[in-house]
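Chain residues, written in single-letter form:
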Amino acid sequence: MTHQPPAAGEAVAALAEPLARVRGRWTAAVVLANVGVFAAFLGPIQVLLAKQSDVIAGSNKEFVFGLVTGVGAAVSVVANPLAGAFSDRTGSRFGRRVPWVLGGALGGAAGLLVLAGASAVAVMLVGWCLVQASCNALLAAITAAVPDRVPKVQRGVVGGWVALAQTVGALVGVALATIVGGIGVGYVACAVFLLLSVVPYLAGGGDQRLPVKERLVWREFAKSFWVSPRKYPDFGWAWLTRFLLNLGNGLGTLYLLYYLQDAVHYADPDTGVLVLTAVYSLCVVLTAVWFGSWSDRIGRRKIFVTWSGIVMAAGGMVLAIWPTWAAALIGAIIIGVGFGVYLSVDFALLTEVLPNARDRAKDLGVINIANSLPQVVAPAIAAPIVKLLGGYPVLYTLASVVTLVGAVLVKKVRAVA
């Protein structure tokens with residue numbers, strides 16, 4: 001059966017800057033899908049992969065954990081912009097984003113089930129790479145749905161809700177990984193939750209169809225992945241600051257389980273990670289939507305992003321100087337407050353420096369490299385620091401310095417107030 005191409009009005013709607021405010025039901029569906037993705041990412045990263053590496057590799061757990069997460073992050077660096085570019089050019093009768101949300105959820109769940117039965121490093125690598133490839137395809141599509149549908153005057157508050165999704169997803173993922181019992185069961189629980197989380201968006205996403213003339217042209221497609229920082233300097237600076245802030249965050253969170261186990265000497269590090277994640281999540285919940293809405297009201301973004309980075313750097317220094325459980329709780333509060341503001345407002349800032357409407361998902365995918373690449377770089381930096389170059393005080397000090405540099409460089413973005 002063949003489908004007629006969309007009418008001209010639909011074509012304009014698919015690529016036009018949105019003006020109509022989105023309803024709460026649509027925002028809730030996008031948020032829930034994001035919660036599912038980040039639960040699938042962060043339940044394994046924070047708990048399951050670390051425990052599985054310990055079971056399989058013992059004394060070499062740091063190396064195996066860094067290898068698996070690093071290779072998976074390298075896959076995500078490619079998968080997110082690639083899937084985003086295909087999503088931009090998808091001419092499905094269901095719209096540009098829906099097929100990638102569905103396919104990403106199915107592939108991500110399959111990868112988690114592979115991990116549930118893994119008893120060797122090679123199988124862990126296969127499973128985690130499948131999770132990263134699939135979930136990044138889903139993430140590219142669902143992220144692009146925001147500039148597709150949300151007007152600029154509403155992006156701070158919607159960005160705040162999406163920021164909550166990342167944090168709530170971390171909490172849900174860690175809870176599923178910790179409470180349900182056993183590594184394999186934890187992976188299965190994350191897979192089931194991922195599938196359920198996308199159902200509301202699939203049922204009522206409302207994506208506009210793309211005209212045939214906007215579909216894939218291979219030569220243009222290949223060239224589109226290079227976004228010249230000279231031609232688009234604001235996009236370039238936004239990418240760099242995102243990279244630095246995420247590198248600082250990655251250095252600070254990668255070995256959290258081992259930090260509690262080996263530096264703080266907390267008796268139950270699994271539960272400790274869950275408690276810290278819950279405290280951090282609560283702080284993000286209390287700041288993200290409110291500050292995102294405030295940013296919308298006054299029409300300013302950069303000052304919020306800069307100060308959020310300064311606050312996060314201060315939280316990292318608490319962990320560096322005082323490796324105690326009380327200090328870890330204080331650090332989680334400070335970092336959670338800063339990260340809530342950062343996630344909501346920086347996302348709104350990013351959507352306002354995208355080069356063009358036709359490549360929204362691809363360009364956000366290129367930005368997402370700044371989220372994923374630190375996951376490749378962080379293990380290579382963190383492992384030798386923890387083992388040979390001063391341990392966790394040096395690691396958290398470095399994380400704070402990198403975060404602070406990223407926060408200061410936000411002022412280089414000119415087109416956004």
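Residues numbered from 1 in each chain as written. Predicted model: local features only at pLDDT ≥ 70, side-chain atom pairs only at ≥ 80, totals over all residues. Heavy atoms only, no water.

You'll find the chain entered in an unreviewed UniProt entry as MFS transporter, with Kribbella koreensis given as the organism. Reading the Subcellular location (unreviewed entry) entry of the UniProt record for the chain gives the comment "Cell membrane". (UniProt positions renumbered as here; feature names shortened; annotations may be inferred.)

**Let's talk about the nonpolar core**
Across soluble globular proteins, nonpolar side chains show a tendency to be buried alongside one another. Among the nonpolar cores identified, the biggest contains 113 residues, and Leu49 and Tyr201 are the most heavily contacted of them. No other element matches helix H2 (residues 24-57), which puts 15 residues into this core. (Core = buried A, V, L, I, M, F, W, Y, C linked by side-chain atoms within 4.5 Å. Buried < 20%, exposed > 50% of the residue type's maximum accessible area, 1.4 Å probe, protein only. Helix = DSSP H or I, 4+ residues; strand = E, 2+ residues; numbered from the N terminus.)

**Here's the deal with the packing of aromatic side chains**
Following the criterion strictly, the structure yields 17 aromatic pairs and no others. Considering the side-chain rings of tryptophan 239 and phenylalanine 243, the 5.6 Å spacing of their centres and the 5° angle between planes classify their relative orientation as stacked. Taken together, the residues tryptophan 239 and phenylalanine 243, both in helix H10 (residues 233-253) and four residues apart, mark about one turn of the helix. These aromatic residues form a ring-pair network of at least three members: Trp290, Phe291, Trp294 and Phe304. (Phe/Tyr/Trp six-rings, centres within 6.5 Å; stacked < 30°, edge-to-face > 60°.)

**Here's the deal with helix H5 (residues 121-149)**
Between the first and last C-alpha of H5 there are 42 Å, a value that for 29 residues agrees with the 42 Å anticipated at 1.5 Å per step. Of all 29 residues that make up H5, 21 are buried, and the element is covered over most of its length. (Expected span 1.5 Å × (residues − 1).)

**Some thoughts on the side chain of glutamine 46**
Among the secondary structure elements, glutamine 46 is positioned in helix H2. For glutamine 46, a relative accessible area of 13% corresponds to the buried category. Non-local contacts of glutamine 46, meaning those with residues more than four positions away in its chain, are made with Val174, Thr253, Leu256, Leu257 and Val273. (Contact = heavy atoms within 4.5 Å.)

**Quick look at the confidence of the model for the chain**
With 92% of its residues at a pLDDT of 70 or more, the chain has an overall mean of 85. Note that pLDDT drops below 50 for residues 1-9; the model gives that stretch eight contacts with residues more than four away or on any other chain. (pLDDT = per-residue confidence, 0-100.)

**Concerning the packing of helix H6 (residues 155-179) against helix H14 (residues 325-351)**
Helix-helix packing is characterised by the crossing angle of the two axes and by the distance between the axes. H14 packs onto H6 with a crossing angle of 130° between their chain directions and a minimal axis gap of 8 Å. As summarised for this structure, H6 and H14 are arranged oblique, according to the angle between their axes. By crossing handedness, the relation of H6 to H14 is classed as right-handed. Of H14, the residues touching H6 (which contributes Arg155, Gly156, Gly159, Gly160, Ala163, Gln166 and Thr167) are Phe339, Gly340, Leu343, Ser344, Phe347, Ala348 and Thr351. (Axes fitted to C-alpha atoms, helices over the stretch in contact; angles between N-to-C directions. Parallel < 35°, antiparallel > 145°, perpendicular 65-115°, else oblique. Left-handed = near helix turned anticlockwise from the far one by under 90°.)

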